[in-house]
2 protein chains.
Amino acid sequence: MTDRYHHGDLRRALIDAAVEAVGEAGPSALSLRAVAKKAGVSHAAPAHHFGDKAGLLTAVAAEGFGRLADTLEAAWDATGDFTAVGAAYVRFAIDRRPYFEVMFRPELVHADDPDLQRAASRSAAALHRGSGESDGGEFNAAALAAWSLAHGFAELLVAGNFPQAVKNDPEAAFRAVGRATGLGSDHSSG
Amino acid sequence: MTDRYHHGDLRRALIDAAVEAVGEAGPSALSLRAVAKKAGVSHAAPAHHFGDKAGLLTAVAAEGFGRLADTLEAAWDATGDFTAVGAAYVRFAIDRRPYFEVMFRPELVHADDPDLQRAASRSAAALHRGSGESDGGEFNAAALAAWSLAHGFAELLVAGNFPQAVKNDPEAAFRAVGRATGLGSDHSSG
DNA sequence: CACCCGTCTTGACAGTGTCAAGTTATATCG
DNA sequence: CGATATAACTTGACACTGTCAAGACGGGTG
């Protein structure tokens, strides 16, 4: 299997290894050589598939945005309530933390990558759906508020800035936060 | 001046150089050797004052939290309105972006540093002041909401995830967001 | 003046990302 | 079936990184 010269699906294996490595020590401590060793290939193999380190992280981020979009769309379809979508956002940040830690760091990835941008737009759209539709004009304040609230909560949570009571049950805390702002339920109730 | 063996206030100079370097290429691209060169000292000088790279970034983060706390307290004293405090938070993320990029990255700093924790608590308290007082119990949903909203907006903004209309006048956009949530301004609007 | 000790330098080490050139296996074509 | 083109991967090298040990310097105190 792994001792073949042609790996079979090395790209897939490298992304998995990268996600695992990020989960262990964070994205800034990521070493291409360690990832290569984890996948059982030589130290320069990743460059062949991803160009450079940022290329690998770009693939990770794109995959993360795709997964997040799936999660948010499912939450919306199931409940039709923004607070539930936001809670799913928070849960994603916890459960898929390695992805989350890469997705919003433009300095670590190739921010202009088409796949990445496409996937990011998908998850942004999924979140907006839960907070009112966009007016044709400048921007939609409710959508910005929804995204900011969910994202800020998730970031502060995984960065360890919240008290223990919140860490114990983050989703419950976020539902309380969602209620405090009255963002999702006043227009879509019925 | 700089050609003396004893620098005078090298610690100060190194922090300034680090902030400048972070502003140019982000915290993950920061090089201790480049910082040392910028300050006109040898490559190992920073280690003497800060122990290691994380130590230097810890000092930057602590200073950033101190500055942020000052900013938020001033905004609250001047207006008594949460939306204004949140807007000050957003403005800080823009104006002092190098600090902001380090402050919420526990993997880059010594998160258990006492100075850092003290400064972080100060700014958290300043932000809470603008969103209602803490109940003695578990946590305060309004305070969490306020912090999450301001922080998420700031993060998404500096990460480039917002449309151009928002980037053009971020503070105005945030005020709209603050109004959409009705967090602090329903009593003081005029 | 002599000493001490904090400040900073020098030199070395293993580890990093990236590039160029070479090697191996798969696929295509005669 | 055998030759060959091509993609996948390896090997080796380069400049650069953070960190550590040892040494050089110089201001402050006796």
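Every chain is numbered independently, its residues counted from 1 as its sequence is written. In the order they appear in the text, chains get letters beginning with A and ligands get numbers beginning with 1. Totals for whole chains, interfaces and linings use every residue, but because this is a predicted model, local features are given only for residues with pLDDT of at least 70 and side-chain atom pairs only at 80 or more, for both listing and counting. Side-chain measures here rest on the full set of heavy atoms in the structure, leaving out hydrogens and waters.

1. Remarks on the overall build of chain A
Phase 1: For chain A, the helix and strand inventory stands at 11 helices and 0 strands.
Phase 2: Numbering of helices and strands starts at the N terminus; helices are DSSP runs of H or I of at least 4 residues and strands are runs of E of at least 2. The order of α-helices and β-strands along chain A, N terminus first, is α-α-α-α-α-α-α-α-α-α-α.
Phase 3: Within chain A, the proportion of its 190 residues that are buried is 51%. Buried residues are those whose accessible area, probed at 1.4 Å on protein chains only, stays under 20% of the maximum for their type, while exposed residues exceed 50% and partly exposed ones sit between those limits.

2. Some remarks on the interface of chain A and chain B
Phase 1: Contacts between the two partners involve 34 residues from chain A, matched on the other side by 34 residues from chain B.
Phase 2: Throughout, buried area stands for the accessible area (probe radius 1.4 Å) lost by two parts on being put together, summed over both. For the pair chain A and chain B, the summed buried surface comes to about 3000 Å²; carbon and sulfur atoms form 71% of the total.
Phase 3: Definition used for salt bridges: Asp or Glu carboxyl oxygen within 4 Å of a side-chain nitrogen of Lys or Arg. For the interface between chain A and chain B, the tally reads 0 salt bridges.
Phase 4: In protein, a polar contact means a hydrogen-donor-capable atom and an acceptor-capable atom, both N or O and within 3.5 Å, with residues adjacent in sequence counting only if both atoms are side-chain atoms; elsewhere, any N or O pair within 3.5 Å suffices. Across the contact surface, chain A and chain B share 2 residue pairs in polar contact (both at pLDDT 80 or more).
Phase 5: Mapped onto the side of chain A that touches chain B, the elements with two or more residues apiece are α8 (141-158), α9 (164-168) and α10 (170-181) of chain A.
Phase 6: Tallying contributions element by element places α8(A) first for the side of chain A that touches chain B, with 12 residues. When checking whether two residues touch, look at their non-hydrogen atoms; a contact exists if any pair is within 4.5 Å.

3. Topic: the packing of aromatic side chains
Phase 1: The aromatic pairing rule takes the rings of Phe, Tyr and Trp, using the six-membered ring of Trp, and pairs them if the centres are within 6.5 Å, calling planes under 30 degrees apart stacked, those over 60 edge-to-face and the rest tilted. As enumerated under the stated definition, the model contains 12 aromatic pairs over all chains in all.
Phase 2: When the ring of A:F162 is compared with that of B:W147, the centres are 5.8 Å apart and the planes differ by 80°; the resulting orientation is edge-to-face. You can see A:F162 sitting in the loop between α8 and α9 and its partner B:W147 sitting in helix α8 (residues 141-158), one on each of two chains.
Phase 3: Here the aromatic cluster, defined as three or more aromatic residues joined through ring pairs, consists of A:F65, A:Y89, A:F100 and A:F104.

4. Some words on the pattern of salt bridges
Residue and element names in this part refer to chain B.
Phase 1: Taken as a whole and assessed by the stated rule, the structure comprises 24 salt bridges over all chains.
Phase 2: Ionic pairing is found between R12 and E63, a salt bridge with its closest N-O pair at 2.9 Å. Pair noted here: R12 is in helix α1 (residues 10-25) and E63 is in helix α4 (residues 53-79), with a separation of 51 residues, a long-range link.
Phase 3: For E171, the salt bridge is made with R91, and the minimal N-O distance between the two is 2.6 Å.

5. Thoughts on the side chain of A:H151
Phase 1: With respect to the element layout, A:H151 can be found in helix α8.
Phase 2: Judged by its relative accessible area of 0%, A:H151 falls in the buried class.
Phase 3: Every residue in contact with A:H151, bar those within four places of it in the chain, is listed here: A:Y89, A:F100, A:F104, B:G152, B:E155 and B:L156.

6. What to know about helix α2 (residues 32-39) of chain A
Residues and elements named next belong to chain A.
Phase 1: Regarding α2, the residues found buried are V35, A36 and A39. Within α2, the buried residues cover an arc of 100° as seen down the axis, which keeps them to one side. Turned more than 90 degrees away from the buried face of α2 sit R33 and K37, all of them exposed.
Phase 2: Buried residues along α2 sit in contact with α1 (10-25), α3 (45-50) and α4 (53-79). Each C-beta atom gives one direction from the helix axis, and the arc is the one those directions make.

7. Brief notes about the relation of the copies chain A and chain B
Phase 1: Least-squares fitting of chain A to chain B yields an RMSD of 0.0 Å, with the transformation described by 0.0 Å of translation along the axis and a rotation of 180°. What the superposition gives is, in effect, a two-fold axis relating one chain to the other. Minimal C-alpha distance to the rotation axis in chain A is attained by A:G152, lying at 1.7 Å.
Phase 2: The fraction of interface residues of chain A whose copies in chain B are also interface residues reaches 100%, indicating that both copies meet through the same surface. Least squares is the method used to superpose the copies, on C-alpha atoms of residues holding a pLDDT of at least 70 in both.

8. A look at the nonpolar core
Phase 1: Among the buried residues, those of types Ala, Val, Leu, Ile, Met, Phe, Trp, Tyr and Cys that are joined through side-chain atoms within 4.5 Å form a nonpolar core. Ranked by size, the top nonpolar core spans 123 residues in total, and within it A:Y89, A:F153, B:Y89 and B:F153 carry the most contacts.
Phase 2: Each residue touching A:Y89, except ones within four places of it in the same chain, is listed here: A:L68, A:L72, A:F100, A:F104, A:L127, A:W147, A:A150, A:H151 and A:A154.

9. With respect to the packing of α4(A) against helix α7 (residues 114-129) of chain A
Residue and element names in this part refer to chain A.
Phase 1: For helices, the fitted axis covers only the stretch in contact; all axes are lines through C-alpha atoms, and the angles between them, taken along N-to-C directions, range from 0 to 180 degrees. Following both chains from N to C, one finds α4 and α7 inclined at 20°, their axes separated by 8 Å at the closest point. Looking at the two axes, α4 sits roughly parallel to α7. The interaxial crossing formed by α4 with α7 has left-handed handedness. Seen from α4, the contacting residues are T58, A61, A62, F65, G66, L68, A69, D70, L72, E73, W76 and D77; seen from α7, they are D115, L116, A119, A120, R122, S123, A126, L127 and R129.
Phase 2: Residue polarity follows a fixed list, in which Ala, Val, Leu, Ile, Met, Phe, Trp, Tyr, Cys and Pro are nonpolar, Asp, Glu, Lys and Arg are charged, and the others, Gly among them, are polar. Grouping the constituent residues of the contact of α4 with α7 by class yields 12 nonpolar, 3 polar and 6 charged. Between 65 and 115 degrees an angle is taken as roughly perpendicular, under 35 as roughly parallel, over 145 as roughly antiparallel, and anywhere else as oblique. In a left-handed crossing the near helix is turned counterclockwise from the far helix by less than a right angle, and in a right-handed crossing that turn is clockwise.

10. Notes on the confidence of the model for chain A
Phase 1: Of all residues in chain A, 89% have pLDDT values of 70 or greater, and the mean over the chain is 91.
Phase 2: As a per-residue measure, pLDDT reflects the predictor's confidence and takes values from 0 up to 100. Across residues 186-190 of chain A, where pLDDT falls below 50, the model places 3 contacts with residues more than four positions away in sequence or in other chains.

11. Re the packing of helix α5 (residues 82-95) of chain B against α8(B)
For any two helices packed against each other, one specifies the crossing angle of their axes together with the interaxial distance.
Residue and element names in this part refer to chain B.
Phase 1: The interhelical angle for the contact between α5 and α8, taken along N-to-C directions, is 30°, at an axis separation of 9 Å. As the angle between them shows, α5 and α8 are arranged roughly parallel. Helix-helix and strand crossings are classified by hand; for α5 and α8 the assignment is right-handed. In this structure, α5 uses F82, G86, Y89, V90, A93 and I94 to contact α8, whose residues at the interface are A146, W147, A150, H151, F153, A154, L157 and V158.
Phase 2: Its residues placed into classes, the contact of α5 with α8 shows 12 nonpolar, 2 polar and no charged.

12. Focus: α8(B)
Because each turn of an α-helix spans 3.6 residues, side chains separated by three or four positions end up pointing in the same direction.
Residue and element names in this part refer to chain B.
Phase 1: The end-to-end C-alpha distance of α8 is 26 Å, a good match for the 26 Å that 18 residues give at a rise of 1.5 Å each.
Phase 2: Burial analysis of α8 places 17 of its 18 residues in the buried class, the great majority of the element.
Phase 3: Of the residues that open α8, the one with a side-chain oxygen 3.0 Å from the backbone nitrogen of A142 is N140.
Phase 4: Looking at the residues trailing α8, positive phi occurs at G160, about 85°. Given a helix with a known number of residues, its expected span is that number minus one, times 1.5 Å.

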